[in-house]
Amino acid sequence: MADYVIVTDSSCDLPNELAKELELVVLPLSFHLNGKEYHNYLDEREMPIGEFYRRIRAGEPCTTSAVNVDAYKSAMEPLLQQGVDILDIAFSSGLSATYSSAKIACEELAEKYPERKVFAVDTLAASLGQGLLIYLAVQMKRAGKSIEEVRGWVEENKLRLCHWFTVDDLNHLKRGGRISGATALFGTMLNIKPILHVDDEGHLIPMGKVRGRRASLDALADHMEQSADDPASQTVFISHGDCREDAEYLAGEIKRRMGVKNFVISHCGPVIGAHSGPGTMALFFLGGKR
């Protein structure tokens, strides 16, 4: 059986040390602050995550860009030339053009290297939801599963990957067109916090609202309690917009209620944070459905 490499992109928001331990090839998306472009490397080489959130809090506008086809081909072709197959596990097509770029690159390279296997999977996932699917895929690879088996498992199980989000500042959702200006204004005045999830098409969808930050964190745990499959046996992923204490509170609630022992907690990187803002909290686990 030929060796294969799992490729992904930096919207997975995995901690850099974990991504290295998992032996991933990670392509960076880009973000733009005040007209200057930065690459979102997991090791924060072009901008520390604390500086990014400081500048976002100060009101600097930020936009993001997908990985393009040429970047994928430049990263993948040397691997194929070494006789290695490739499984790319990409950011949701419902939120980015990154998967489209990956798919085009894989198709072109598969034609050029017909003896190699080159696959791209649309996770329909974001942030550590994407990261959790990658983590599980690597566990399967290390258990001896073939590239086709791992690809098939991700395709068959990605809609079991539950994403539950809340944000602290409604103005970021307003700027992204997720809510109206009036909703943001009155919601801020009344301390309303939205509860959102990622649907089966990979889009971010409002699902409800509560009053107060602590209530919004508890609501995320409530959703997991209602829908997780055998939660105590899972490794649960939590990403946050520069609010580690709140992430630790949420992990503590999940541990207390459901007996979960294993967590991965990491920042929402600039690609997600540019749109959701400081104070974002996101919870990822496996359930019967999204």
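The structure we're discussing is the one just above.
Each chain has its residues counted from 1, running along the sequence as written. Local features in this predicted model are restricted to residues whose pLDDT is 70 or higher, and side-chain atom pairs enter the listing and the counts only when it is 80 or higher, whereas totals over whole chains, interfaces and linings include all residues. Side-chain figures throughout are based on the complete set of non-hydrogen atoms in the structure, without hydrogens or water.

**Student:** Sorry, what's going on with the pattern of salt bridges here?
**Tutor:** Note on pairing: side chains with opposite charge can pair once their charged atoms come close. Here a salt bridge means any side-chain nitrogen of Lys or Arg lying within 4 Å of a carboxyl oxygen belonging to Asp or Glu. Summed over the entire model, instances satisfying the criterion amount to 21 salt bridges. Residue K117 pairs with E148 through a salt bridge whose shortest N-O separation is 2.6 Å. Here E148 lies in helix α6 (residues 147-157) and K117 lies in the loop between α4 (98-112) and β7 (118-122), a separation of 31 residues in the sequence. Taking relative accessible area as the criterion, K117 reaches 34% and is therefore assigned partly exposed. Judged by its relative accessible area of 36%, E148 falls in the partly exposed class. The partner of E253 in a salt bridge is R257, with the nearest N and O atoms 3.1 Å apart. Of this pair, E253 and R257 both sit in helix α10 (residues 244-258), 4 residues apart, which is roughly one turn of the helix. Burial classes follow relative accessibility: with a 1.4 Å probe on protein chains only, a residue under 20% of its type's maximum area counts as buried, one over 50% as exposed, and anything between as partly exposed. Judged by its relative accessible area of 12%, E253 is buried. Through salt bridges with shared partners, a single ionic network connects D222, E225, E253, R256 and R257. Counting from the N terminus, the helices are the DSSP runs of H or I reaching at least four residues and the strands are the DSSP runs of E reaching at least two.

**Student:** Just checking my understanding: could you explain the packing of helix α5 (residues 127-142) against α6 for this structure?
**Tutor:** How two helices sit against one another is set out by the angle between their axes and by the gap between those axes. Throughout, an axis means a line fitted to C-alpha atoms (over the contacting stretch in the case of helices), and angles, computed between N-to-C directions, take values from 0 to 180 degrees. Between α5 and α6, the least distance of the axes is 10 Å, while the angle of their chain directions is 150°. Judged by the inter-axis angle, α5 sits roughly antiparallel to α6. Crossing handedness for the pair α5 and α6: right-handed. Facing α5, whose interface residues are L133, L136, A137, M140 and K141, α6 presents E149, V150, W153 and V154. Of the residues assigned to the contact of α5 with α6, the class counts are 7 nonpolar, no polar and 2 charged. Angle categories are assigned with fixed cut-offs, so that under 35 degrees is roughly parallel, over 145 is roughly antiparallel, 65 to 115 is roughly perpendicular, and the rest are oblique. The crossing is said to be left-handed when, going from far helix to near helix, the turn is anticlockwise and less than a right angle, and right-handed when the turn is clockwise. Any two residues whose heavy atoms approach within 4.5 Å at even a single point are treated as in contact. Each residue gets one of three labels, nonpolar for Ala, Val, Leu, Ile, Met, Phe, Trp, Tyr, Cys and Pro, charged for Asp, Glu, Lys and Arg, and polar for the others, Gly among them.

**Student:** Sorry if this is basic, but what is going on with the layout of surface pockets here?
**Tutor:** Rolling a probe over the atoms, with the probe sized like a water molecule, indicates the empty space that remains. For cavity detection a 1 Å grid was placed over the protein atoms alone, and a set of points counts as a cavity when a 1.4 Å probe fits there but cannot get out; an open set counts as a pocket when protein lies on both sides within 12 Å along at least five of seven lines, with lining residues being those that have an atom within 4 Å of a point. Grid points are joined across faces, edges and corners, and a volume is the space filled by probe spheres set on the points. A volume near 220 Å³ is recorded for the second largest pocket. Partitioning the lining of the second largest pocket into residue classes produces 9 nonpolar, 7 polar and 4 charged.

**Student:** What is the right way to read the nonpolar core from this model?
**Tutor:** When a protein is soluble and globular, its nonpolar side chains tend to lie buried together. Think of a nonpolar core as a cluster: buried Ala, Val, Leu, Ile, Met, Phe, Trp, Tyr and Cys residues, connected wherever their side-chain atoms sit within 4.5 Å. Counting 36 residues, the largest nonpolar core has V7, L33, F52 and Y72 as its most contacted members. Of all elements in the fold, only β1 (4-9), β3 (30-33), α2 (49-57), α3 (69-81), β6 (85-90), α4, β7 and α11 (270-276) reach the threshold of two or more residues within this core. For F52, the residues in contact, after removing those within four places along its chain, are F31, L33, M47, C62, P270, G273 and A274. In this structure, Y4, I89, L132 and V150 belong to the second largest nonpolar core, which totals 35 residues.

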